[in-house]
Amino acid sequence: MERDSEGDKWNRFWEVKGAYRLNFRTLTLLYNITAPATTQRQFTLHHRRRTTVTMAEFLDLEIQDSVRMPWNVLPGTKADAANCFIPVSAVYTPLKPLPATTPLLPYSPLRCRNCRSVINPFSIVDFSSVNKIWICSFCLQRNHFPPHYQSISDQNLPAELFPQYTTIEYETSANEKPQAGSSNVFLFVVDTCVIEEELGYLKSAMLQVLGMVPENCLIGLITFGTYVHIHELGFGQIPKVHVFKGTKEVTKDQLLEQMGFFANRTRPTTGVIAGVRDGLSQESIARFLLPASDCEFVLNSILEELQRDPWPVPPDQRAARCTGTALSLAAHLLGVCVPGNGARIMAFLGGPSTEGPGSIVSKNLSEPIRSHKDLDKDSAPTYHKAVKFYETLSKQLVHQGHVLDIFACALDQVGVAELKVAVEKTGGLVVLAESFGHSVFKESLRRVFHSGDHDLGLSSNGIFEISCSKDIKIQGIIGPCASLDKKGPLCSETVIGQGNTTAWKLCGLDKTTSLCLIFDVIKKESPDVLAQSANNQFFFQFLTYYQHGSGQMRLRATTLSRRWVAGTGIKDDLISGFDQEAAAVVMARQVSFKMETEAEFDPIRWLDKSLIHICTRFGEYQKDSPSSFTLSPRLSIFPQFMFNLRRSQFIQVFNNSPDETAYFRMILNRENVANSVVMIQPSLISYSFHSGPEPALLDVASIAADKILLLDSYFTIVVFHGSTVAQWRKAGYHELPEHQAFANLLQAPRDDADSIIRERFPVPRLVICDQHGSQARFLLAKLNPSATYNSDAPAVPGGDIIFTDDVSFEVFLDHLQRLAVQ
Amino acid sequence: MATPGGPRPRNFPPNYNPNALANNMQNLQINQQQSNNLGGNAPRAPPNSTPFGQQPPPFTGSRPGPPPPGVFPRGPMPPNAPTQTTLPPNMMPARPTGPPTVSQPPPFGSRPPPPGAFGGPAAPSPSGPGPRPGPFSSYPMTSGPNMSGSGLVNNGPPSFAPGMAQSGPPRFPPAMGSVTRPLVGPPQSPTYLSSGPSSQPPQMRPSFGSPPAGVSSAMGQPAPPFSAPPQNMPPPPGSSPFSAPAPGVLQPSGSPYGMQTWPPQPQQVGPPPPIPGPMQQQPMFGMPPGGPPLPNQSMSLNQTGQSKIDPNQIPRLTPSSAVILHETRQGNQANPPPPATSDYIVKDTGNCSPRYMRCTINQIPCTVDLLSTSAMQLALLVQPLALPHPSEEPIHVVDFGESGPVRCSRCKGYINPFVKFIDQGRQFICNLCGFTDATPRDYHCNLGPDGRRRDADERPELCRGTVEFVATKEYMVRDPMPAVFFFLIDVSMNAIQTGATAAACSAINQVIANLPEGPRTMVGIATFDCTIHFYNLKRASQQPLMLIVPDVQDVYTPLESDVIVQLAECRQHLEILLESIPTMFQSNRTADSAFGAAVKAAFLAMKSTGGKLLVFQSVLPSIGIGSLSAREAEGRSNISAGEKEAHKLLQPVDKTLKTMAIEFAEYQVCVDLFITTQTYVDIASLSVVPRTTGGQVYYYYPFSAVSDTAKLYNDLRWNVTRPQGFEAVMRVRCSQIDCDKTIMVSLKHDDKLQEGTECSFQCALLYTTVYGQRRIRVSTLSLPCTNMLSNLFRSADLDTQFACMLKQAASEIPSAPLAQVRDQVTNVCINILYSYRKFCATVSSSGQLILPEALKLLPQYALALLKSTGLRSDGRIDDRSFWINYVLPLPTPLVIPLVYPRMIAIHDLDEKELDDSIIPTPIPLSTEHITDEGIYLLENGEDCLIYVGNSVQPNILQQLFGISSVEEISNQFMLQQYDNSLSKKLNAIVNEIRRHRCSYLRLRLCKKGDPSGMTFLSYLVEDKTPSGLSYIEYLIHIHRQIQSKMA
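Residues numbered from 1 in each chain as written. Chains lettered and ligands numbered in written order. Predicted model: local features only at pLDDT ≥ 70, side-chain atom pairs only at ≥ 80, totals over all residues. Heavy atoms only, no water.

Chemist: Explain the overall build of chain B to me, please; I cannot follow it from the model alone.
Modeler: Helices and strands together make up the secondary structure of chain B, namely 43 helices and 31 strands. Across the 1047 residues in chain B, those meeting the buried criterion constitute 66%. Within chain B, counting contacts between residues at least 6 apart in sequence, those at least 24 apart form 75% of the total. Summed over its atoms, the accessible surface of chain B is roughly 33,800 Å², and 54% of this surface lies on carbon and sulfur atoms. (Helix = DSSP H or I, 4+ residues; strand = E, 2+ residues; numbered from the N terminus. Buried < 20%, exposed > 50% of the residue type's maximum accessible area, 1.4 Å probe, protein only. Contact = heavy atoms within 4.5 Å. Areas by Shrake-Rupley, 256 points an atom, 1.4 Å probe, with all protein chains shown as cover.)

This is the structure:
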């Protein structure tokens, strides 16, 4: 029973629950300073020292198992779970780098012959019998070890049984050597309906990147505008392009036929036709997809000569752009050439699709592109059709195991909202910028191909599976994956996100791809439940197979154990395991999902209701006495997260275009907890002569004339100079040797901003602004409006006020307390 | 260059090098230029020259239009020159000199008065007009005048004599004015007819040419060809022939000559051996086709007699090599044109040149009844952009400035020489509709005493039958279109492997060099197999970009611009591309061909401008829009069921291509189709596209890379560089029309016409020249009206009538059973002759077959037509389809040779004295004239067969072909020039024919006893064949039919 020690450890750990109860408001403020910390930034941003004890526990857990759960002590019965409002769930980052000490096992894992789960440190091993046996922690099946495990003993354990290796990675059998075709494939899909200048930017960005593509990667090129051009890169004599009409959908069969894949041989009469294994000749494939080293020259010359779409555009019309057809052809091409092998379609879009399937707006300029209002009123004529088209596309891509990445660079919308489904289900990357010349695009693109410290760790062809104890079921996953429709007893009847399955496809995944798994506790309340304390553990196992960037197939197994509690008096137990950050992130993903899928859904109402219920359930108060209300420190910041979430771009969509909203949500859905929290509640750091950099309240009150503020709202990083600082800078003091200190002050936030930018993908937009300048809005919009134009208190000298009618956090809390105690 | 003459004999290895071929062709080209013979070269020079005509340098000055840069196609050609410039002088010699020709004189000579007499006759002639008796007298007349000049019997030439043109003979006394004959004189013989039949001699319209005068002279001749001579000859040699002729006239003279009924004396023919020879008249006809006097030809064709007919005396075409000078109007009368096949020079004196418009009958019947009685057809054959003779005056270009040409406000007819100005020139009466219009103020001019405007002679539009008006803005829907040439090349497996692609590429590559390089010349190129490959020719890099359109069901053009580019901007790309296409597709294994889709796609690329689309197709289109099936094979397999429906195979299989073609035409896209194939390609269906769009079909079957490459090049070259116009609007809307297009317009009476008036026809063609000017070419023809049937027969234009017959038959072939079409041809022939017999030649004995002089060759042509590819039942479907297509727009001058090819002996070239003409006298198409020792060349304007007998002397073979025995002859034949006079002459002949026909000719070598020999023999239309009658039998057949009708 040693295995139990793991769970016990956690139980004990949680025993040390907070003995102190601060006024939660104070704590909130304090927390605000520290919350956005990410493990990495703790190293880089030296000022984050005050991480509360509480969070550290969760962070350590995350380091080991790449998982954050709102409830680390689980409600043990269905009723208890329902009372918790925030579902039993986990935010799991499958490919988060493991501690350097964790070995990569060069063999295939042992699997339970009954439920196929993988042997893990929680498995009970019987070394005593002649035939050594291990017992599956999920189905209790007794399994024999294979012969080559015969030498194990409790002194001689294989790595997968080491207690600290609850997460471990296998490199599956060496005989599955990466084949010739299994290197990564990049199919560039380039929009040419852009102005000359933009095309120039795009070309130079791509040319730069071409040099970074690993030599063994295959590359293909499709350009499109009114028509789709599939370039033959492997044709010696003259450059060759297959031209498809933008308005017409082409099937994969037609593509096979029309592009001459059977030109020199007879077509097999039956069977799936795709790839070399199915009878396509390598030469016919090599016309379109070539190793980077072979086609660099051709590709360079094609790109250099790339012209704008030559079809004339009447002044009252939008360019004819057939994004949908281009993407569909790209999918067909990959499906024909490299099915089942990791491949990415990288689409560079410079405007809305107006032609053919998947178009999002008519060519007529008098018809504006759909807004949230149009979507709400269902008055966007092409929206549903387009979404349906991209859904079909996503199914095809998922089937083929290919990824769609979107680089949308235009002042206008390009249709990210419609494309979202295809990007998200395939685990694609998405970058939204105003221009191909913008650093957000250029740097992000470079990051994709960057190798080294901050590489994305792009992997492909992932399959994600979950096993768990029998009293838990799986509702679904909110995140960049697609259901594989593997139904089983573990599937809950309640479905959210990609549900009704225990296996998911992750066509593309990287180091930060994080899935939000939502569970259902189904154990019925029964008297003897509590009695069996020995058995109050739930086990979870997450298995991720994927094609590593090196081309090898790997399997990562994470096995978790959590204690559950049931019955009355479990409130404190639950609170002790409550991870506020994870909870906020799960709430954010849930509410975003519901906004997109449930008609008439009122997110504010739903969030408020949930918050009030949680406060009522877990707060300490005397009924009907708001002033008596207090929250445990484990819960104390949660209301502020909710306050900021209510004001965030995820909920307040009307300030944004549907494309932007879709973009924000896609990023939210694939980021880990720490990054997501920054999206929900930005971090603010203040720099002044008086002290080093220090966290500041996310409040308008933090603005001061002699300070510099650094706001990180994830998508945007704002360096805000107080008015005095701005004046000094304009006067050029920082260039004078005697004012080196001022120069240092100016530089410090820039350095910090740079370090954030370096490690983040998509690269955030950097805004450098001065107090009272027009760009200052990027900061003001995120601050708590404690001082507005109609607040009684006069503004602090050198401070600022916000022109808004939004309620401030104080008002919000007052209401919350009042409602919670009713 | 060892052999300057022509393509070198080379052993082409299996995988011949296209470039080698190309080089050869170039050599050929060069040589030809040097020799001036090349059909292609000289005449076509157009690129630089004025839009259409290539005027002889002299004229250039006068040219209003774009000044021809001085590159005169023909001008430079000295060799030809003789015929043209020096005409007058030549003329003379032509006949007389030729010893053999001398025979001609006989007719005249035979005349009563001895040569010397001529002078005399002349005088009488004037008076002669009225009275017929004169057949003879008149005879002399015509000749007389001429004779006087030269002393030569022959007629025509003299008239040309310098200055002679009008003043001379023709200008007879008063009435005579009409005597147009001088030139045509002889042919006019018909007049004779008119007079003859009815006793109405007096009535004879001068209109026709001096009827009287003409009568006499013209008539006689034709007859001669026939039997007539024999008998007549003896007495007064000349006289006899004539007698027969003018049936009408007969009464008087007739009897004496009546003898014509040869039946009895068949033998006699023989006796006067000398005569028959002369009789052949080849010379005679040649001259003035009509031949002198005789209006008719009569042949007695008793059953008994038939065997005794001397084949040599059957009416035959005897082309003349002499040039005729033709004034379109003389003495304010329409002058009947010379035969279409003759070599003539037109002086436009009011009526348009017959090249542009000619009528089946040169007098217009006043009533429908009259016309229907005649059984002839009234139709105009219009070829608005026909090539003028180099010596002709260029067409005047008239610019009315902003206001545009003066037109009738009611019928919109254009101002022309026949508009009558009244009221001191303040008003004018439209000759087309009779409406009176006010003369535009700035166009006003006083009238002279003769009632003509004083400026009439200075204004081309008032004195010329054909002028070109500069079109004003209101004639333009848009700016004149650029000259766009789009080449579409089949690169499917078969095309590549047979060398067709290489041949096409090399042809295009060379032709591009000939295109004008102005900013208005635009070029595009695409290739296709089961997909369509466009090429972006406008790129910074050295290489063009290939754009593949893979969807052949729903095609599109891959680029809006840059697929069709100004030639100047893409010449280099284009050359590189054309050179690399054959190798690029070298290993293409795609057998499918998406012709319809490719054409459609190319059309879409050209849609905005319009232009010429030149398609090179090698196999049956098997995929994509408008794909076809091998119907022929299917048809053959169930022949029992298909027999009745056989002609269906000659119809397009469905409407797909037709619909497409209509759209092409709408957007001014003209499709030319070059079919280089080894198999059935369903021309019936394919040809719809070129036909509907004003394009042309070229057919190379079976395609041989060795022997056809040069022709392909030359065809393409002519196609692209010949004078042509775009965006044409005529009565029939057609997108594009070129100098080889002829349009037939059938006329119907709306109302009665007034005797004694003239009837006008005007053809206005609005088009864009290759240089981008918008022009209206207006041709006006004014013909006299007549109430007399005899006039109709006399003024019938055989060539034009036969062309109509042929075209009608051709258009019916696809829709009616073959037998029916064949019967119809014979019936038309019979009906006309019957009408003549019944109403105009009643006197003749029923045992005689009487042929109106003007139409005496009708039966021969009809028979030839029955044996032509199109009406033969044993032909390949594609051959027949091609034939139909080829024939429909065929200009009249090429119609005759097509059915009745020209055959010449070439083994004895060295022995013959050729009177100036390069081409020796043709031989009748009968095996009787073929010997085993001989080598014969037969050409019909499209194909050229060289037949080698079994026992040809080896040295001749060696000289001509560089081989020592017949067995060495290869099917892949290329004519080459060796360093000996025989070979040089042969080459000269071939080149002369090419020049003359504006066609490069497909040369094939035929051996006796070989399938190719059979092909050759099938052209000998006078012979009896398993499925057809001999010429004599056919005449008898017709005769019997007429007899039975009479009875």
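There is more to say after this.
Chemist: Looking at this structure, I do not really get the overall build of chain A. What am I missing?
Modeler: Counting its secondary structure elements, chain A contains 24 helices and 30 strands. Considering chain A as a whole, with its 822 residues, one finds that 60% of them fall into the buried category. Long-range pairs, those at least 24 residues apart, make up 74% of the contacts in chain A between residues at least 6 apart in sequence. For chain A, the exposed area adds up to about 32,300 Å²; of that, 52% sits on carbon and sulfur atoms.

Chemist: Before we go on, may I ask you to explain the environment of Tyr621 of chain A in this structure?
Modeler: All names here are of chain A. With respect to the helices and strands, Tyr621 occurs in strand E24 (residues 620-622). When its relative accessible area of 27% is taken as the criterion, Tyr621 is described as partly exposed. Once you skip the residues sitting within four places of it in the chain, Tyr621 turns out to touch Cys615, Thr616, Ser628, Phe629, Ala820 and Val821. Polar contacts involving the side chain of Tyr621 include one to the main-chain carbonyl oxygen of Thr616, which spans 3.0 Å. (Polar contact = N/O pair within 3.5 Å; in protein donor to acceptor, adjacent residues only side chain to side chain.)

Chemist: Would you mind showing me how to read the sheet that holds strand E30 (residues 943-948) of chain B here?
Modeler: Pairing between the strands of a sheet comes from backbone hydrogen bonds, and it takes one of two forms, parallel or antiparallel. Residues and elements named next belong to chain B. Pairing is mixed in the open sheet, where four strands are placed in the order E28-E29-E30-E31. Here the strands that pair on one side only, and so sit at the sheet edges, are strand E28 (902-905) and strand E31 (1002-1007). Averaged over neighbouring strand pairs, the angle between their axes works out to 20° when direction is ignored. Most of the contacts of helix H40 (residues 954-961) go to strand E29 (residues 935-939), to which it runs at about 40°, and overall it touches E29, E30 and E31. Helix H41 (residues 981-997) rests against E28, E29 and E31 of the sheet, and its axis sits at about 10° to E29. (Pairing = 2+ DSSP bridges. Axes fitted to C-alpha atoms, helices over the stretch in contact; angles between N-to-C directions.)

Chemist: Would you take a moment to explain the UniProt feature "domain: Gelsolin-like" (unreviewed entry) in chain A for this structure?
Modeler: Per the UniProt annotation, the sites labelled "domain: Gelsolin-like" (unreviewed entry) are residues 692-779 of chain A. The span residues 692-779 of chain A is 36% helix and 22% strand, and its two end C-alpha atoms sit 21 Å from each other. (UniProt positions renumbered as here; feature names shortened; annotations may be inferred.)

Chemist: So what exactly am I meant to see when it comes to unusual backbone geometry here?
Modeler: The peptide bond linking Phe761 of chain A to Pro762 of chain A adopts the cis configuration, its omega dihedral lying at -5°. Looking at where Pro762 of chain A falls in the secondary structure, it is placed in the loop between helix H22 (740-759) and strand E30 (765-770). The peptide bond linking Tyr701 of chain B to Pro702 of chain B adopts the cis configuration, its omega dihedral lying at -15°. Mapping Pro702 of chain B onto the fold places it in the loop between strand E21 (697-700) and helix H33 (705-721). Even without a glycine there, the phi angle at Asp624 of chain A is positive, about 65°. Mapped onto the secondary structure, Asp624 of chain A falls in the loop between E24 and strand E25 (625-630). Even without a glycine there, the phi angle at Asn332 of chain B is positive, about 60°. In this structure, Asn332 of chain B sits in the loop between strand E3 (329-330) and strand E4 (333-334).

Chemist: Which parts of the structure should I look at to understand the UniProt feature "domain: Zinc finger Sec23/Sec24-type" (unreviewed entry) in chain B?
Modeler: In this structure's numbering, the residues bearing the UniProt feature "domain: Zinc finger Sec23/Sec24-type" (unreviewed entry) are residues 405-443 of chain B. Taken end to end, residues 405-443 of chain B is 0% helix and 23% strand, and its first and last C-alpha atoms sit 10 Å apart.

Chemist: For this particular structure, what's the right way to read the pairing of strand E9 (residues 185-191) of chain A?
Modeler: Remember that side chains alternate between the two faces of the sheet whenever the strand is regular. All names here are of chain A. The buried fraction of E9 is high, at seven of seven residues. Both faces of E9 are covered, namely the face carrying Val185, Leu187, Val189 and Asp191 and the face carrying Phe186, Phe188 and Val190. For E9 and strand E10 (residues 218-224), the ladder comprises seven bridges, and the chain directions are parallel. By the bridge assignment, Asp191 is partnered in E10 with Phe224. A crossover links E9 with its parallel partner E10, the connecting element being helix H6 (residues 196-210), and its sense is right-handed. The pairing of E9 with strand E14 (residues 343-349) spans six bridges and is classified as parallel. Across the sheet, residue Leu187 finds its bridge partner in E14, namely Ile345. (Right-handed = clockwise from strand over helix to strand, strands pointing away.)

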